[in-house]
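What the coordinates show
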Amino acid sequence: MHARAVAATTTALLGTAALLLPAPDVRAVEVGEQPTVIAHRGASAYAPENTLAAVDKAAELGISWVENDVQRTRDGELVVLHDDNLRRTTDVEERFPDRAPWKVKDFTAAEIALLDAGSWFGPAYAGARVPTLEQFVHRIDRNRQKLLLEIKNPALYPGIEKQTLKVLANEDWLDRRHMSKLIVQSFSADSVRTVHDLKPRIKTALLGTPNVADLAYYAQFTDQINPSYSTISAGYVSAVQAFTGAHDRPLEVFTWTVNDAESARRVAGYGVDGIITNTPDVVRDAVEGS
Ligand code: G3P
Ligand code: CA
């Protein structure tokens, strides 16, 4: 049995979890033999990243967890896009040639809705749009999937944590049922802490590879430490998991972005709890039975 499964079973037998947890069910991650597989920006090796097509592709592959990136438009709409500018993944330069440097924060939601976010990836996806956060969570719900939501570049968007939680609440994503389907992450510890302070029941994750000496501080407001796979070892993973996180369970590790079978098997061997990947089918098949 996976070491984390033993830990979870022990906790359940001791009967302490119900007394300690403020959340209805923060164990969003299925504890079991293999790490949870998360489709990075959707199944982004096969469909344009952060589009509804990439979410649907993950669903087609049988992948329930999807990661995304959330940013804000000039007029205050939350949209799903990785870069802080629109150049790489849309036709913004053609459509708005005089608007360099084409930052997300300099365009209105209506302008962004006009952009083609699929043709750069391939003609089959021509006309795909940059989704709003509302559209994205609707699709995740329709597909019965789960969401690892990244607040991207929060320093550019003051108050984005509160706004993100408001959108999620409006879309019924902060009810008891969805609490087990949602993790909010960021590279900014301040942003993660803000989310935790605003809604302590939400499971959170800090992106990066912090020093073990700093983990006791981060564990006050986060449940996961999510590092690049190139930065970790079995020793680091077990050092993280030895800490108790914000919901009185061992800190978890979801690592990124692992796109080949050999690397997936290696990090599974380190004991990670989740693998974030552009090729979720490849990783799932690689770690099955690991
Ligand atoms: O979820 C982990 C990963 O998405 C963090 O890096 O740059 O792909 O958002 P990035
Ligand atoms: Ca991301």
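Read on for a plain summary of the structure. (Residues numbered from 1 in each chain as written. Chains lettered and ligands numbered in written order. Predicted model: local features only at pLDDT ≥ 70, side-chain atom pairs only at ≥ 80, totals over all residues. Heavy atoms only, no water.)

Brief notes about the pairing of strand S8 (residues 252-255)
Here is the rule we go by: Per-residue accessibility, obtained with a 1.4 Å probe over protein chains only, is compared with the maximum for each type, and a residue is labelled buried under 20%, exposed over 50%, and partly exposed between these values. In DSSP terms, a helix is any run of H or I states spanning at least four residues, a strand is any run of E spanning at least two, and both are numbered starting from the N terminus. Here, any two strands with at least 2 DSSP bridges between them count as paired. We call a crossover right-handed when, viewed with the strands running away from us, the connection from the first strand over the helix to the second turns clockwise.
Both faces of S8 are covered, namely the face carrying Glu252 and Phe254 and the face carrying Val253 and Thr255. Where strand S7 (residues 224-226) lies against S8, two bridges are found, and the strand directions are parallel. Residue pairing for S8: glutamine 224 is matched across the bridge by glutamate 252. Following the chain from S7 across helix H11 (residues 234-241) to the adjacent parallel S8, one finds a crossover that is right-handed.

Focus on the coordination of the calcium ion (ligand 2)
Note the cut-off: Atoms are scored as donors when they are N, O or S and lie within 2.8 Å of the metal, with 3.2 Å used for Na, K and Ca; no water is included, so coordination may look incomplete.
Around the calcium ion (ligand 2), the protein supplies Glu67 (OE), Asp69 (OD) and Glu150 (OE) as donor atoms, at distances of 2.1 to 2.3 Å. Here the donor residues of the calcium ion (ligand 2) are spaced in sequence according to E-x1-D-x80-E. Of this pair, aspartate 69 sits in strand S2 (residues 65-72) while glutamate 150 sits in strand S4 (residues 146-151); the two residues are 81 residues apart in sequence, bridging distant segments of the chain. Both residues of the pair, aspartate 69 and glutamate 150, count as buried.

Let's talk about the packing of aromatic side chains
The following threshold applies: Here a Phe, Tyr or Trp ring, Trp counted by its six-membered ring, pairs with any other such ring whose centre lies within 6.5 Å, and the pair is stacked when the planes are under 30 degrees apart, edge-to-face when over 60, and tilted otherwise. Each ring is checked for a lysine NZ or an arginine CZ that lies within 6 Å of its centre and within 35 degrees of its normal; such an atom marks a charge sitting over the ring.
Tallied over the full model, the rule gives seven aromatic pairs. A centroid spacing of 5.8 Å and a plane angle of 80 degrees characterise the contact between phenylalanine 121 and tyrosine 125, whose relative ring orientation is edge-to-face. One aromatic cluster in this structure is built from Trp120, Phe121 and Tyr125. Between arginine 88 and the ring centre of tryptophan 120, over which it is positioned, the NZ or CZ distance is 6.0 Å. Above the face of the phenylalanine 96 ring, arginine 99 is positioned so that its terminal group lies 5.4 Å from the ring centre.

Describing the pairing of S2
By the criterion of burial, S2 is predominantly enclosed, with eight of the eight residues buried. Burial along S2 is two-sided: Trp65, Glu67, Asp69 and Gln71 and Val66, Asn68, Val70 and Arg72, pointing in opposite directions, are all buried. Relative to S2, strand S1 (residues 36-39) runs parallel, the two being bridged by two bridges. Bridge pairing in S2 places isoleucine 38 opposite tryptophan 65.

Describing helix H3 (residues 52-60)
Stated formally: Relevant arc is that of directions from the helix axis to the C-beta atoms, nothing else. Note on contacts: a residue pair is in contact if any heavy atoms of the two residues lie within 4.5 Å.
Regarding H3, the residues found buried are Leu52, Ala54, Val55 and Ala58. End-on view of H3: buried residues confined to an arc of 165 degrees, all on one side of the axis. On its buried face, H3 is in contact with S1, S2 and helix H6 (133-142). Residue glycine 62 follows H3 closely and has a positive phi angle near 80 degrees.

Details of the side chain of asparagine 85
Condition: N or O atoms closer than or at 3.5 Å make up a polar contact, with two conditions inside protein: a donor-capable atom paired with an acceptor-capable one, and, for residues adjacent in sequence, both atoms drawn from side chains.
With respect to the secondary-structure elements, asparagine 85 resides in the loop between strand S3 (78-80) and helix H4 (92-95). Residue classification places asparagine 85 among the buried residues on the basis of a relative accessible area of 18%. Within the structure, the side chain of asparagine 85 is placed 2.9 Å from the backbone nitrogen of arginine 87, a separation counted as a polar contact. Residues in contact with asparagine 85, not counting those within four places in the same chain, are Pro101, Trp102, Lys103 and Val104.

With respect to the packing of helix H7 (residues 160-170) against helix H9 (residues 189-198)
The test is simple: Convention adopted: a line fitted to C-alpha atoms gives each axis, helices being fitted over their contacting stretch, and angles between N-to-C directions are expressed from 0 to 180 degrees. Note on terminology: angles under 35 degrees are roughly parallel, angles over 145 are roughly antiparallel, angles of 65 to 115 are roughly perpendicular, and the others are oblique. Crossings are assigned a handedness: left-handed for a near helix turned anticlockwise from the far helix by less than a right angle, right-handed for a clockwise turn.
Following both chains from N to C, one finds H7 and H9 inclined at 45 degrees, their axes separated by 9 Å at the closest point. Accordingly, the angle class assigned to the pair H7 and H9 is oblique. Like other packed secondary-structure pairs, H7 and H9 cross with a definite hand, here right-handed. Only Ser191, Thr194, Val195 and Leu198 of H9 make contact with H7, whose side of the interface consists of Glu161, Lys162 and Leu165.

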